[in-house]
Amino acid sequence: MLNIILMGPPGAGKGTNAKRISASYKLPHISTGDMFREAIKNQTELGMLAKSYMDKGLLVPDEVTIGLVKERLAKDDCKVGFLLDGFPRTIPQAEALTKIGEELARPITHVLNIVVPESVLVDRICGRRVCKTCGAPYHVTNLKPKVDGICDLCGGNLVQRADDNEETLKSRLNEYHHQTEPLIKYYSNFNLVHDLDGTKSLDSISEDIKSILGE
Ligand code: AMP
């Protein structure tokens, strides 16, 4: 059983690598950021609340985020395993996840930690584009679509995420260092952490992941 957490700072390539892992290992890809963006698009109460934090580069409060993930992990499709992308991001979230894992008999088996130097993150974030329709990730120089501004997969328009600007990135990195980085130690105590060099090509990262998770 593969119950995976994908960790790393904003711009490390969590979303891009998550899509590849989820396709290769047939695991549901659970991204709290995507769930919040979907809620914002649908203008739900959760969306309004999340937006007020996301626009400032701050984390959405734990109780909201934990409730959302707990509901999602209890769904039947997570029986075969799951891939968490962007959760947990705080120690209370990690502690809650350990408890949820025990309750559902779905404990975390691997923490994949994507390591990328900070200087690279700014360029990645500022050049990042995403498909408005299907969410597929692109980059203006590193991961270009075949046709400018158009998604290769679904033909949707490519846009910049509202929180992908230099100003918001500063708070997101600050949140990462203060709230999320301590999780590496938390999971190291359980011997679950595997570092990945996020500056390598996507294909060689996939190879590294294969050697950790198996074929
Ligand atoms: P992401 O798409 O993972 O970069 O997340 C975008 C934004 O959504 C973050 O900057 C946070 O504001 C919010 N968010 C996503 N996941 C979490 C989480 N686990 N805890 C709190 N806020 C989150």
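Scroll up a little and you will see the structure.
Reference entry: report on the structure contained in this document. Just so we're clear, the structure is a prediction, and the values are computed from it rather than from any experiment.

### Regarding the sheet that holds strand 7 (residues 158–159)
Argument step 1. With antiparallel pairing, three strands are arranged side by side in an open sheet as 6-5-7. Unpaired on one side and paired on the other, strand 6 (137–139) and strand 7 mark the two borders of the sheet.
Argument step 2. Where strand 5 (residues 128–131) lies against strand 7, two bridges are found, and the strand directions are antiparallel. Residue C131 lies in a different strand from strand 7, and its bridge partner there is L158.
Argument step 3. Packed on one face of the sheet, helix 6 (residues 118–126) meets strand 5 and strand 6 and runs near 40 degrees to strand 5.

### Regarding unusual backbone geometry
Argument step 1. Cis geometry marks the peptide bond from F87 to P88; its omega dihedral reads 0 degrees.
Argument step 2. Relative to the elements of secondary structure, P88 occurs in the loop between strand 3 (81–85) and helix 5 (91–104).
Argument step 3. A positive phi angle, near 50 degrees, is found at Q43, a position not held by glycine.
Argument step 4. Topologically, Q43 is positioned in the loop between helix 2 (32–41) and helix 3 (45–54).
Argument step 5. The class of Q43 is exposed, set by a relative accessible area of 60%.
Argument step 6. Non-glycine residue A105 carries a positive phi angle of around 55 degrees.
Argument step 7. Here A105 falls in the exposed class, since its relative accessible area comes to 58%.

### Let's talk about helix 3
Argument step 1. For helix 3, every residue scored as buried is listed here: G47, A50 and M54. All buried residues of helix 3 lie within an arc of 70 degrees about the axis, which places them on one face of the element. Seen from the open side of helix 3, the exposed residues pointing more than 90 degrees away from its buried face are E45 and M48.
Argument step 2. Buried residues along helix 3 sit against helix 2 and helix 7 (166–180).

### Quick word on the site of the ligand
Argument step 1. Not every one of the 16 residues close to the ligand is listed here, only the nearest: T32, R37, L58, G86 and Q93.
Argument step 2. Contact distances for the ligand include 3.0 Å between a nitrogen atom and a backbone N or O atom of V60.
Argument step 3. If one sorts the elements of the shell around the ligand by residue count, helix 2 sits on top with four residues.
Argument step 4. Across the shell around the ligand, the residue classes tally to six nonpolar, five polar and five charged.

### Re the pattern of salt bridges
Argument step 1. The full count for this structure, using the stated rule, is 13 salt bridges.
Argument step 2. Close ionic contact of E207 with K210 constitutes a salt bridge, the shortest N to O distance being 3.5 Å. With E207 and K210 both in helix 9 (residues 202–213) and three residues apart, this pair spans about one turn of that helix.
Argument step 3. A single salt-bridge network, built from bridges that share partners, covers R128, R161, D163, D164 and R172.

### Re the environment of T98
Argument step 1. With respect to the helices and strands, the residue T98 is situated in helix 5.
Argument step 2. Sequence-wise, T98 and I108 are ten residues apart; in three dimensions their C-alpha atoms are separated by 7.6 Å.

About the thresholds
Sequence order as written defines the numbering, with residues in each chain counted from 1. Selection of residues for local features in this predicted model requires a pLDDT of at least 70, selection of side-chain atom pairs for listing and counting requires 80 or more, and totals for whole chains, interfaces and linings are taken over all residues. Only heavy atoms go into the side-chain values, all of them from the structure, while hydrogens and water stay out. Strands are labelled as partners when DSSP assigns at least two bridges between them. A helix here means a DSSP run of H or I that spans at least four residues, while a strand means a run of E at least two residues long, and both kinds are numbered starting from the N terminus. Here a residue-residue contact requires only that any non-hydrogen atoms of the pair lie within 4.5 Å. The angle between two axes is taken between their N-to-C directions and runs from 0 to 180 degrees, where each axis is a line fitted to C-alpha atoms and a helix contributes only its stretch in contact. Accessibility here uses a 1.4 Å probe with only protein chains present; expressed as a share of the type maximum, an area under 20% marks a residue as buried, one over 50% as exposed, and anything in between as partly exposed. The arc in question is traced by the directions running from the helix axis to the C-beta atoms. We call a residue near a molecule or strand as soon as one heavy atom of that residue lies within 4 Å of the molecule or strand. Under the rule applied, a polar contact is a pair of N or O atoms within 3.5 Å (in protein, one hydrogen donor and one hydrogen acceptor; residues adjacent in sequence only if both atoms are side-chain atoms). Throughout, the ten residues Ala, Val, Leu, Ile, Met, Phe, Trp, Tyr, Cys and Pro are labelled nonpolar, Asp, Glu, Lys and Arg are labelled charged, and all others, Gly among them, are labelled polar. One side-chain nitrogen of Lys or Arg within 4 Å of one carboxyl oxygen of Asp or Glu is enough to make a salt bridge.

Scope: geometric values only; no functional claims are made or implied.
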